[in-house]
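# Descriptive structure summary
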Amino acid sequence: EVLSLVRSGVQEEVLDSLDVKFDYAWRFRLGDVADGGPGPGNCSFATLATSKCTNMEHNPNRFTESDCALACCYDTDCYSYQHTDRYCMHGSVNSTCTPDSQGMPGGQRHSVPPPRRTFDLTNRSYDDSDWEPVDVPHDFGISGNFSDDGDTHHGYLPRNVSWYRKSFSLPEEWRSSVVQLYFEGVFHVASVYVNGEFVAEHTAGYTGFTVRLDNASVIWGNHARNVLAVRVDASFGSGHWYEGGGIYRSVWLQRRPPIHLAQHGVFLSPEGTGKAATVAAEVVGDGAKGTNVSFTLVDDADGREVASCSAGTVSHGESFLSSCSITPHNISLWSIQSPKLYRLQAQLSAPGSDSANVTVAFRTTKWDGQTGFYLNGKQMKLRGFSHHNSFAGIGVAIPARINLFKVQTTRALGGNVWRTSHNPYVSHLYELTDRTGVLVWDENRDYGPKYVQEMGDMVKQHRNHPSIIVWSLCNEYECEQSQDETGFQFRAAALAQDPTRPLTANGNLDKSGTPSVNGKIKIEVQGFSHSNNGTFEKFHSGQFSNVPTVLSECCSCTASNQRLPFASRGVPECLRNQNSPGLLPFVAGSLGVWTLFDYFGEQQSWPNVACQYGQMDIAGFPKPHAYWYRANWLAGFSVDDPGRPALPDLKVARVLSLLPQWISNSTSINTLSSTPYSELLVNNVSQGVQAAVPGQQTTWKVTKPSANEPCVFPVTLQSVQCHGLASVGSAVTADECRAACCQRHGCRVWQWAADQGCW
């Protein structure tokens, strides 16, 4: 790939800064080497009897003892662990443990051996010809076999370790450049080797990372062969759902001049009216002091320049920062109905040539403890869904087309917010929400003193996206920490990268009634998980009355696509009641309905490998609950509502539950409509008209139709081609085709043509 670009006649100065997709022609091996195994190697613990230990830190998201132990193995400061239920505690060399029947079991080690870094299969000479050829993004977990002895949290799919190898060449003319790899996401622990030499390790499965190659043992030359090897340890996870494993996001080979713009170093905050703004760029490399950066803001639609400025660099920690003010003209604000975008071009004037081009926009947000949320000065209710980072048989290596489908499904149900529960997502997801006008609650995964860097990385990598309106530190019980300074450290890490957005958390209340985060650190918005109206009203009437609140997770109302009467948690009681706190006048809304799509994991028992919380099933087909949201969140609002997706006005009428056969001579049928009256037709015969509460369920008592009742098709199809029909070979005329449909249970459409037969 690189050589073809170099030899294609492109001017060399353009190639001073180059990004090459590195997704193709990898070799893959499932499972670790025979003498390897899960973890960093050389890690073992002596059994720790049930004890009470001091100086322990809560290490969240370790749902089995094995997960807790492996996380400790990768932490060189961890000498002991304790685990029970979903609680995992890690201890340092200063921790002491005393046997106590009221304590927790675990493991302990008295020394921390260095991790294993030598593997034959990382060498250039290793023969990988029998390894499977794959392209990345690649999720090896989804290809596993479901088994009743598998990890229940992981959807009964096995966790494992795997290896990837890739051969590549680096042109001689790149020798004086900075050459690096950018991995957008590897789950879970990635150990990177070049020509047998260990060069980097990344333990955060949901953020991108960069690996320098030019200062490693690479061989330069058009015909020289280098080998990149990546060990991926996904034998333990951080979630109670299917997380997959592998190089599940794209990889880029990057060439940069010695003085260049930092990865994700260009920033223009979307917060503001656009009448004046500050643009900034981080510059790295020896000699970066005194270099100049020129910024140009252009309209994304037509390329029209709307502002420009330039500035030199000043010292900024280990790098240098260039920033200046722009005064754009004729700016349109980004909104849910009209997501107007611009492009910020940064050009570095230094030896070589480096530039960056990022999508930006302008909008104002306001969170108010008394009146809720405002976008561009207009009050609106947040309505949205929580998501997990997977889809059906694709797993976690989700292509942009599938995420577009999920974003458009959010809009089709009236949602205006995507909650990234419980981790940062792939970059193209945020590009899609920017372009479709969907707001984002962006959520960090691991929360604890060891994971502060992950928070800063998430914010830096996503901060230019106008769709993101808030940064979430943590989720539910994971917000509980032994040390209060965790929250202060996370706050500092986020604000260092973006001081313009508020911080939040999807919190629970502790025993005193204080939110799990807000009671310890300052966050601007308090999220509540599965809380009722009384919880919000109690919080609002107390010392936190001016703190903005939002229902950030709710409504784990199960449903399936089986056409059976609803259980007690069906439509409409569960959805209506659990969403109701979002309608309180001082609450910003309900933005984290659990969930939009079913997902593997969190099932009740084998052989059920997927949960049933979603409004859409595991394959993306709508379940009855989806129509409740479409009726209440989309059809129930005027097209002028600032929180309504920019979709045409519509009415919703849907049969929700229907028995597959008649019981005696009658049955009950539940329907839903967005109008005050609805009519039900059985076998195309009207059962009458009923008054209905828009958006709520209506129950009909229907008598079994007589066998002699006429069969009516009230709509005549002309010049229409229907899809999804079944062939009826026995009908050879149009009349026979019509009669066959009348006799067939559930047949509502028939088509016949002389050359095509009956369908």
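Preceding block: the structure.
For every chain, the first residue of the written sequence is number 1, and numbering continues from 1 onward in sequence order. With pLDDT at 70 or above as the cut-off, local features in this predicted model cover only qualifying residues; side-chain atom pairs require 80 or more to be listed or tallied, and sums for whole chains, interfaces and linings still use all residues. The side-chain figures draw on all heavy atoms in the structure; neither hydrogens nor water molecules are used.

## Comments concerning the packing of aromatic side chains
Side-chain rings of Phe, Tyr and Trp (the six-membered ring for Trp) are treated as a pair once their centres are within 6.5 Å; stacked means planes under 30 degrees apart, edge-to-face means over 60, and tilted covers the remaining angles. Under the counting rule described, the total for this entry stands at 33 aromatic pairs. Look at Tyr 126 and Trp 131: their rings are 5.8 Å apart centre to centre, the planes differ by 65°, and that puts the pair in the edge-to-face class. For the exposure calls, accessible area comes from a 1.4 Å probe over protein chains only, and a residue counts as buried if that area is under 20% of its type's maximum, exposed if over 50%, partly exposed in between. Tyr 126 gets classed as partly exposed once you look at its relative accessible area, which sits at 27%. An aromatic cluster is defined as three or more aromatic residues linked by ring pairs; in this entry it consists of Phe 22, Trp 26, Phe 28, Phe 140, Tyr 164 and Phe 168. Lying over the aromatic face of Phe 22, Lys 166 brings its terminal NZ or CZ to 4.7 Å of the ring centre. Lysine NZ or arginine CZ positioned within 6 Å of the ring centre and within 35 degrees of the ring normal marks a charge as sitting over the ring.

## A short note on the pattern of salt bridges
Each salt bridge in this description consists of a side-chain nitrogen of Lys or Arg and a carboxyl oxygen of Asp or Glu lying within 4 Å of one another. Inspection of the entire model under this criterion finds 27 salt bridges. Note that Arg 117 and Glu 201 form a salt bridge whose closest N and O atoms lie 3.0 Å from each other. Remark: Glu 201 occurs in strand β13 (residues 197-202) and Arg 117 occurs in the loop between β8 (104-108) and β9 (132-134); sequence separation between them is 84 residues. The class for Glu 201 is partly exposed, based on a relative accessible area of 30%. For Arg 363, the salt bridge goes to Glu 271, with nearest N and O atoms at 2.8 Å. With Arg 363 in the loop between β23 (354-360) and β24 (365-368) and Glu 271 in the loop between β17 (260-268) and β18 (277-284), the pair connects residues that are 92 residues apart, well separated along the chain. Counting from the N terminus, the helices are DSSP H or I runs at least four residues long and the strands are E runs at least two residues long.

## Here's the deal with helix α9 (residues 624-634)
Counting buried residues along α9, 9 of its 11 residues qualify, which places the element largely inside the surrounding structure. Residues of α9 that are buried: Pro 624, His 625, Ala 626, Tyr 627, Trp 628, Tyr 629, Ala 631, Trp 633 and Leu 634. Contact definition: two residues touch when any of their heavy atoms are within 4.5 Å. Here the buried face of α9 lies against β27 (382-386), α3 (400-412), α8 (573-579), β34 (587-593), β35 (653-657) and β36 (666-673).

## Quick word on the nonpolar core
Throughout, nonpolar core names a set of buried Ala, Val, Leu, Ile, Met, Phe, Trp, Tyr and Cys residues whose side chains join them through atoms within 4.5 Å. Residues Trp 26, Tyr 164, Phe 183, Leu 228 and Ile 247 are the most contacted members of the largest nonpolar core, which totals 48 residues. Every element with two or more residues in this core is listed here: β1 (18-21), β2 (26-30), β10 (160-170), β11 (178-183), β12 (189-194), β14 (209-212), β15 (221-234) and β16 (251-256). Here this core takes 4 residues from β15, the largest share from any one element. Not counting the four nearest positions on each side in its chain, Leu 228 is found in contact with Phe 22, Trp 26, Tyr 164, Arg 165, Lys 166, Phe 168, Leu 181, Phe 183, Val 192, Tyr 193 and Val 194. In terms of nonpolar packing, the next biggest core, distinct from the first, is built from 36 residues, Ala 392, Ile 398, Val 547 and Val 587 among them.

## Concerning the sheet that holds β34
Pairing between two strands requires that DSSP report at least two bridges joining them. Read once around its circumference, the closed barrel built from 8 strands follows the order β27-β28-β29-β30-β31-β32-β33-β34, with strand pairing classed as parallel. Between one strand and the next, the sheet's axes are offset by a mean angle of 25°, whatever the strand orientation. The sheet contacts of α3 involve β27 and β28 (417-419), and relative to β28 the element is tilted by about 125°. Each axis is a line fitted through C-alpha atoms, taken for helices only over the stretch in contact, and angles between the N-to-C directions span 0 to 180 degrees.

## A word on the sheet that holds strand β5 (residues 80-84)
The 6 strands lie next to each other as β4-β6-β5-β8-β3-β7, forming an open sheet whose pairing is antiparallel. The open sheet terminates on both sides in strands that have one partner only, identified here as β4 (56-58) and β7 (97-99). Between one strand axis and the next, the sheet turns by 45° as a mean value, whatever way the strands run. Where β5 lies against strand β6 (residues 87-91), 5 bridges are found, and the strand directions are antiparallel. Within the sheet, the bridge partner assigned to Ser 80 lies in β6 and is Gly 91.

## Side note on the packing of helix α5 (residues 452-462) against helix α6 (residues 485-497)
The N-to-C vectors of α5 and α6 enclose an angle of 25°; their axes lie 8 Å apart at closest approach. Overall, the two elements α5 and α6 adopt an arrangement that is roughly parallel. In the packing of α5 onto α6, the handedness of the crossing is right-handed. Along the contact surface, α5 presents Val 452, Met 455, Gly 456, Val 459 and Lys 460, while α6 presents Gln 489, Phe 490, Ala 493, Ala 494 and Gln 497. Geometric relationships in this document are graded by angle, where less than 35 degrees denotes roughly parallel, more than 145 denotes roughly antiparallel, 65 to 115 denotes roughly perpendicular, and other angles denote oblique. Here a crossing is called left-handed whenever its near helix is offset anticlockwise from the far helix by less than a right angle, and right-handed whenever the offset is clockwise.

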